[in-house]
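# Tertiary structure, described
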There are 2 protein chains.
Amino acid sequence: MNQEGNAFNPPHQSLPPFSRVIVSGGTHGNELAGLYLAKQWLQGKARGLERQTFSAKAVLSNPRASEVCRRYVDVDLNRCFTTECLNSPDADDMPYEIHRAKELNVLLGPKGSEQAVDFICDLHNTTSNMGVSILVYQDCHCFSLHMFKYIQSHVKSAPVYCAIFNTPKDRAYSLDAVAKYGIALEVGPQPQGVLRADILSHMAEALKLVLDFIDLYNQGTEFPSCEVEAYVKDKDFDFPRDPVTGELTATIHPERQDQDFQVMNPGDPLFQTFDGKTVNYSGSQPTYPFFINEAAYYEKKVAFSSSNKVSIRIPALRLQASAGGANRIS
Amino acid sequence: MNQEGNAFNPPHQSLPPFSRVIVSGGTHGNELAGLYLAKQWLQGKARGLERQTFSAKAVLSNPRASEVCRRYVDVDLNRCFTTECLNSPDADDMPYEIHRAKELNVLLGPKGSEQAVDFICDLHNTTSNMGVSILVYQDCHCFSLHMFKYIQSHVKSAPVYCAIFNTPKDRAYSLDAVAKYGIALEVGPQPQGVLRADILSHMAEALKLVLDFIDLYNQGTEFPSCEVEAYVKDKDFDFPRDPVTGELTATIHPERQDQDFQVMNPGDPLFQTFDGKTVNYSGSQPTYPFFINEAAYYEKKVAFSSSNKVSIRIPALRLQASAGGANRIS
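What you see is a predicted model; the values in this text were computed from it and never measured. Per chain, residue numbering runs from 1 following the sequence as it is written. As a convention, the first chain written is A and the first ligand written is 1, with the rest following in written order. At least 70 in pLDDT is required for a residue's local features to be given in this predicted model, at least 80 for side-chain atom pairs to be given and counted, and no such filter applies to totals for whole chains, interfaces and linings, which use all residues. To obtain the side-chain values, all non-hydrogen atoms of the structure were used and water was disregarded.

We now examine the pairing of strand β4 (residues 119-125) of chain B. Residue and element names in this part refer to chain B. For every residue, the accessible area (1.4 Å probe, protein chains only) is compared with the maximum for its type, and the residue is labelled buried under 20%, exposed over 50%, or partly exposed between those bounds. Numbering of helices and strands starts at the N terminus; helices are DSSP runs of H or I of at least 4 residues and strands are runs of E of at least 2. Across the 7 residues of β4, 7 count as buried, placing the element largely inside the fold. Pairing geometry for strand β2 (residues 21-25) and β4, over 4 bridges, is parallel. For valine 23, the partnering residue across the bridge sits in β4 and is cysteine 121. Strand pairing is assigned whenever DSSP detects at least two bridges linking the two strands. Summarising the sheet, β4 and strand β7 (residues 181-188) pair through 7 bridges and their orientation is parallel. Residue pairing in the sheet places phenylalanine 119 in a bridge with tyrosine 181 of β7.

Here it is, written out as structure tokens:
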């Protein structure tokens, strides 16, 4: 989290300017807001990717899945960007998404190299009530947290959250991990295969702020040290299931449904069984669930993810005085 | 609509008792409320299908699509129950759902015959904000409208609507058309692939009332003549699309989204284009849209269906004095 120096008087952090910025949609082919934004840009029907200091480029990550309006064709593309998967030997019977991940890694990476693009903002929708959520990895530079703070302070139409995943870079599995820096922009609630104007508008607004922030940074704007409130992912929790058939025996309790990032205390209602009983949260500590009842996670056996709410002091951020190669401080 | 007799003093209508009653779920494999109810009954884990005068039977309509949590595998099962499709010659390369429709027709029909079951309640979910909607065909007996009235008067947790489709019996394409009488119970909003406790509860409550109503009817309860308010389907409207690529150029306007069954007057906002313009409703008469932004209908090129709101006086309903063969009055 780059909390170097004295937490109360941290040093400035700086990076070279960001010139190669990617906005990707359709990583999951049934998450329509990002998909339609990407299509509009790629067809030249929409503007908004140009800034004074750079022009972002649009990518449609999973064209085949987008064509059939499914999350994926063979396997979940957004789990294919681990270093191991990207470096696995090619094979004739390779799932489509692994092939496509390798292709995107050539185009935008290689992951972890100096040649990788500076920033990827990967656009997603969720059926969970997560508002505008900025998903970052633990080893992200404070750059992403300043970006989150900037977005949070400007978006008034939806709540803005930051979720941090404790996954080291090589095991980071999502498309944004191919770039030197990146975020996933997760906007909900929106059903799969539906394009809601309100959700599209929240995503477009947040994305505009992503690009504005990079532009301001590139121009030398200093972002002072500040506190950010974030949710560090803890564990995944499955639905209650029949031990023999594996079938669900309960779903999210109505009092917990749509309550993403709201505290859940020990003993709070969590699931409701199909015969009407309440299953309470049996953990010993309060937690902050998110991705509650996300459609795509049933097959991953995830009813929600728990998280710890933290307050992080991040150092001030300003452009590196001498712009050399990318200087990854994290 | 069986408005026989004087509309202000219609005669009683009567039918034999209903003994063979079917509750079907999973006709669309990603509409999870009905699917899970059906599974629970079939696995003997749930009760509630027994009444004094009959025991309903559960059917899981599309097991293969349910297994993979998709609407369908090859083609939409719930468009396969036309007389033409059911009577089409068998073929080795027949789509799975046509095979399954024929199978269900043997099990529950044959459609239009005396052997057909008395009633099918087919359970569906929609991403549209349609509350508890009772979908019936134009030639339905007033039995279904009395049932709707009964459900509407008892359900307090969600609005209850009745939508009427002007499709003659032989072209009626949905599973419920295989029975002598039937409804589709459409409950929303719920994303595909998600099981929400509130939606499950609304569906279970409405289904309980369906069975209670049949039981009361079978026991000789008289349902007096009354007015019902219903929405007669008019036309399907597509999204605005690019004339060359066929791609969407707009989605439902935020002021229209979630406003199913609410009046739309000429000039009201209807679509919002991706460059932010409002497309107003250009019809000359008010209409009542429903199935607004239903995920499954993008591929069918339906952004919403329009309807006319009507008030229908239905005659009183009581059990036929001499219970012979089914006496279809409609």
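That shown, we press on.
Attention now goes to the packing of helix α5 (residues 142-154) of chain B against helix α6 (residues 197-218) of chain B. All names here are of chain B. To get an axis, fit a line to the C-alpha atoms, keeping to the stretch in contact for a helix; angles then go from 0 to 180 degrees between the N-to-C directions. Between α5 and α6, whose axes approach to 9 Å, the crossing angle comes to 125°. With respect to each other, α5 and α6 are oriented oblique. Considering how the two elements wind past one another, α5 and α6 form a crossing that is right-handed. Touching Phe143, His146, Met147, Tyr150, Ile151 and His154 of α5 are Glu205, Ala206, Leu209, Val210, Asp212, Phe213, Ile214, Leu216 and Tyr217, all from α6. The residue classification treats Ala, Val, Leu, Ile, Met, Phe, Trp, Tyr, Cys and Pro as nonpolar and Asp, Glu, Lys and Arg as charged. All others, Gly included, are polar. Taken together, the residues of the contact of α5 with α6 break down into 11 nonpolar, 2 polar and 2 charged. Roughly parallel means an angle under 35 degrees; roughly antiparallel, over 145; roughly perpendicular, 65 to 115; everything else is oblique. Crossing handedness follows the turn of the near helix against the far one: under a right angle anticlockwise gives a left-handed crossing, and clockwise gives a right-handed one. Contacts are residue-level and defined by heavy atoms, with any inter-residue pair within 4.5 Å sufficient.

Turning next to the interface of chain B and chain A. Contacts between the two partners involve 30 residues from chain B and, on the opposite side, 30 residues from chain A. Simply put, the buried area is the total loss of 1.4 Å probe accessible area from both parts when two parts are fitted together. Carbon and sulfur atoms make up 55% of the area that chain B and chain A hide from each other, which totals about 2,500 Å². Any Lys or Arg side-chain nitrogen located within 4 Å of an Asp or Glu carboxyl oxygen qualifies as a salt bridge. Where chain B meets chain A, there are 6 salt bridges. With a shortest N-O distance of 2.8 Å, lysine 45 of chain A and aspartate 242 of chain B are connected by a salt bridge.

The next thing to look at is the domain arrangement of chain A. Residue and element names in this part refer to chain A. The split into domains, and so the bounds of each, comes from an automatic or database assignment of domains. The domain architecture assigned to chain A consists of domain 1 (13-225 + 315-319) and domain 2 (231-311). Here domain 1 and domain 2 have C-alpha centroids that lie 26 Å from each other. Taken together, the contact pairs 20 residues of domain 1 with 17 residues of domain 2. Here domain 1 packs against domain 2, burying approximately 1,600 Å² in sum over the two surfaces, 51% of which is carbon and sulfur. In this structure, the connection of domain 1 to domain 2 is made through 1 salt bridge. Where lysine 300 meets aspartate 76, a salt bridge forms, and the shortest distance between an N and an O atom there is 2.8 Å. We define a polar contact as two N or O atoms separated by no more than 3.5 Å, with the added condition that, inside protein, one atom must be a possible hydrogen donor and the other a possible acceptor, whereas residues neighbouring each other in sequence contribute only through side-chain atom pairs. Where domain 1 meets domain 2, there are 12 residue pairs in polar contact (both at pLDDT 80 or more). Broken down by secondary-structure element, the contributors of at least two residues to the side of domain 1 that touches domain 2 are β5 (131-137) and β6 (160-165). The biggest single contributor to the side of domain 1 that touches domain 2 is β6, with 5 residues. When its residues are assigned to classes, the side of domain 1 that touches domain 2 shows 8 nonpolar, 8 polar and 4 charged.

Working note: a packed helix pair is described by the angle between its axes plus the distance between those axes. Residues and elements named next belong to chain B. With their axes 9 Å apart at the nearest point, helix α1 (residues 32-42) and α6 run at an angle of 60° to one another. Overall, the two elements α1 and α6 adopt an arrangement that is oblique. The two elements α1 and α6 meet at a crossing, and its hand is right-handed. From α1, Ala33, Gly34, Leu37 and Trp41 reach across to α6, where they touch Ile199, Leu200, Met203, Ala204 and Leu207. Looking at the contact of α1 with α6 residue by residue, the classes come out as 8 nonpolar, 1 polar and no charged.

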